[in-house]
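# Analysis of the macromolecular model
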Amino acid sequence: MSGGTERVGVVGCGLMGAGVAEVCARAGARVTVVERDAASARAGLERITRSLDRAVRDEKLTGPGRDAALERVHVVDDLAALHDSGLVVEAVAEDERVKLDVFARLDGAVRRADAVLATNTSSLPVIRLATATSRPQNVIGVHFFNPVPVLRLVELVPSLLTSESTARRAEAFVVDTLGKEVVLAQDRAGFVVNALLVPYLLAAIRMVESGAARAEDVDRGMVMGCAHPLGPLALTDLIGLDTTRAIAESLYAEFREPLYAPPPLLCRMVEAGLLGRKSGRGFHTYSGDGTRGERLAAGGT
């Protein structure tokens, strides 16, 4: 897979999809991003543009580099635009029904028989998504981490039916073209990182839920006492409480262990629309630019 000439498709242009599109374009690939409608496509392109502008301000990208990357990105609302893609990354919401629908539609839309169909799922079984297509040997998990332009890790998750050729091509693109680091994971809920991370996040939520500690003190304790770059509740806000709950539900459905069960507080906050940074309020409050407010939004405060 040659990054400079490869046509890459991305389905979904939220935080993850926009990040994947950006790093691919910055690496020289021509990227077509598909959103559900024209308004979402415009919003997705604006999201990519803002991120590239921020990279220029932070002196991580030159102005000409930003312009060249933008020229390589096209955001549309028609899945048929991916017909000649060599690699397609699905990055829609962490909802099994939505992802299954996307893969069923990709099967008809992507005409290249050798195209790699990748899912950015953080917890769902890759094999379940693969069997929604007529070519499960071409499907593989390629799990990026948020924010994609900053974090170098990618989990590579072959299913029982993923071909060696598909796995080699996906790894070559991630490592050689994007310059990221790969860890190989088995196709089980949570893979490597979330299987370890999510119980930690849920334990922090339970601590706040029980009144054992305030959210701000839990986060301060892990940052200052354990040298974590971000406290568990601030990290949950960054991930999104809805995404955290979805991952926890997938883990619990597979393993049936209490440490994976989403706490009631997490579920109530999602139902209330307190989703973290993207909604402006979660365990902490946030201003319009995503910076932390002084007071906590929920959780024993």
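Above this text you will find the structure in question.
Heads up: these notes are all about the structure in this document. (Residues numbered from 1 in each chain as written. Predicted model: local features only at pLDDT ≥ 70, side-chain atom pairs only at ≥ 80, totals over all residues. Heavy atoms only, no water.)

### Thoughts on the sheet that holds strand E7 (residues 153–158)
How we decide: Paired strands, in this sense, are two strands between which DSSP finds at least two bridges. Labels follow the DSSP assignment, with helices taken as runs of H or I lasting at least four residues and strands as runs of E lasting at least two, numbered in each case from the N terminus. Interaxial angle, 0 to 180 degrees, is taken between N-to-C directions of lines fitted to C-alpha atoms, where a helix line uses only the stretch in contact. We call two residues in contact when some of their heavy atoms are within 4.5 Å.
Ordered by their spatial adjacency, 8 strands build an open sheet running E3-E2-E1-E4-E5-E6-E7-E8, and the pairing between neighbours is mixed. Edge positions in the sheet fall to strand E3 (73–76) and strand E8 (181–184), since each has one partner strand and no second. Direction aside, the axes of adjacent strands within the sheet are offset by 25 degrees on average. The pairing of strand E5 (residues 116–119) with strand E6 (residues 139–144) spans 3 bridges and is parallel. In the sheet register, Thr-119 faces E6, and the bridge partner there is Gly-141. Sitting on the sheet, helix H6 (residues 164–177) is in contact with strand E1 (7–11), strand E4 (87–90), E5, E6, E7 and E8, with an inclination near 25 degrees to E6.

### Some thoughts on the nonpolar core
Basically, it comes down to this: Buried Ala, Val, Leu, Ile, Met, Phe, Trp, Tyr and Cys residues form a nonpolar core when they are joined through side-chain atoms within 4.5 Å. Exposure categories follow from relative accessible area, calculated using a 1.4 Å probe and restricted to protein chains: below 20% of the type maximum is buried, above 50% is exposed, and the middle band is partly exposed.
Core analysis: the biggest nonpolar cluster contains 37 residues, and Val-31, Ile-48, Val-142 and Phe-144 have the highest contact counts within it. Broken down by element, this core gets its largest block of residues, 7 residues, from helix H1 (residues 15–26). Leaving out residues up to four positions away in the same chain, Ile-48 has contacts with Cys-13, Ala-18, Ala-21, Glu-22, Leu-70, Val-73 and Val-75. Counting residues in hydrophobic clusters, the runner-up holds 21 residues, among them Ala-189, Val-198, Ala-204 and Leu-241.

### Notes on the packing of aromatic side chains
Heads up, the condition is: Working definition: a ring pair exists when centres of Phe, Tyr or Trp rings (six-membered ring for Trp) sit within 6.5 Å. Plane angles under 30 degrees give stacked, over 60 give edge-to-face, the rest tilted.
Per the stated rule, a full pass over the model turns up 1 aromatic pair. Judged by centre distance (5.5 Å) and plane angle (40 degrees), the ring pair of Phe-255 and Tyr-260 falls under tilted. With relative accessibility at 22%, the residue Phe-255 sits in the partly exposed group.

### A short note on helix H2 (residues 38–57)
Convention followed: To estimate the expected span of a helix, subtract one from its residue number and multiply by 1.5 Å. For this analysis, a polar contact is any N or O atom pair within 3.5 Å, provided that within protein one partner can donate a hydrogen and the other can accept it, and provided that sequence-adjacent residues contribute only side-chain to side-chain pairs.
Taking 1.5 Å of rise per residue, 20 residues should cover 28 Å, and H2 covers 29 Å from first to last C-alpha, within 8% of that figure. Listing the buried residues of H2 in full gives Ser-40, Ala-41, Gly-44, Ile-48, Thr-49, Ser-51, Leu-52 and Ala-55. Lining the buried residues of H2 we find H1, helix H3 (63–71) and E3. The backbone nitrogen of Ala-39 lies 3.3 Å from a side-chain oxygen of the residue at the head of H2, namely Asp-37. Backbone geometry just downstream of H2 places Glu-59 in the positive-phi region, at approximately 60 degrees.

### A word on the pattern of salt bridges
So the rule is basically this: A carboxyl oxygen of Asp or Glu within 4 Å of a side-chain nitrogen of Lys or Arg is what we treat as a salt bridge.
Applying the stated criterion across every chain yields a total of 21 salt bridges. Between Arg-128 and Glu-96 there is a salt bridge whose closest N-O contact spans 3.0 Å. Residue Arg-128 is located in helix H5 (residues 126–130), and its partner Glu-96 is located in helix H4 (residues 96–109); the two are separated by 32 residues in the primary sequence. By relative accessible area, which is 40% here, Arg-128 ends up partly exposed. For Glu-96, a relative accessible area of 26% gives the class partly exposed. Here Arg-214 ties to Asp-217 by a salt bridge, and the two come within 2.9 Å at their closest N and O atoms.

### Topic: the environment of Leu-100
For Leu-100, the location among the structural elements is in helix H4. Leu-100 sits in the partly exposed class, given a relative accessible area of 25%. For the pair Leu-100 and Arg-245, spaced 145 residues apart in sequence, the C-alpha separation works out to 19 Å. Sequence-distant contacts of Leu-100, defined by excluding residues within four places in its chain, comprise Arg-128, Leu-129 and Ala-132.

### Looking at the packing of helix H8 (residues 215–226) against helix H9 (residues 232–239)
For clarity, the threshold we go by: Roughly parallel means an angle under 35 degrees; roughly antiparallel means over 145; roughly perpendicular covers 65 to 115; every other angle is labelled oblique. Ten residue types, Ala, Val, Leu, Ile, Met, Phe, Trp, Tyr, Cys and Pro, are classed as nonpolar, four, Asp, Glu, Lys and Arg, as charged, and the remainder, Gly among them, as polar.
At a minimum axis distance of 7 Å, the contact between H8 and H9 shows a crossing angle of 105 degrees. Taken together, the axes of H8 and H9 lie roughly perpendicular to each other. Between H8 and H9, the contacting residues are Ala-215, Val-218, Asp-219 and Met-222 on the first element and Pro-232, Leu-233 and Ala-234 on the second. The class makeup of the residues in the contact of H8 with H9 is 6 nonpolar, no polar and 1 charged.

### Structural notes on the side chain of Asp-219
Checked against the element boundaries, Asp-219 lands in helix H8. Contact partners of Asp-219, with chain neighbours within four places excluded, come to Gly-231, Pro-232, Leu-233, Ala-234 and His-284.

### Digging into the packing of H9 against helix H10 (residues 241–255)
Two numbers describe how H9 lies on H10: the axes approach to 6 Å, and their chain directions differ by 95 degrees. Of the possible angle classes, the one that applies to H9 and H10 is roughly perpendicular. In contact with Thr-236, Asp-237 and Ile-239 of H9, H10 contributes Leu-241, Thr-243 and Thr-244.

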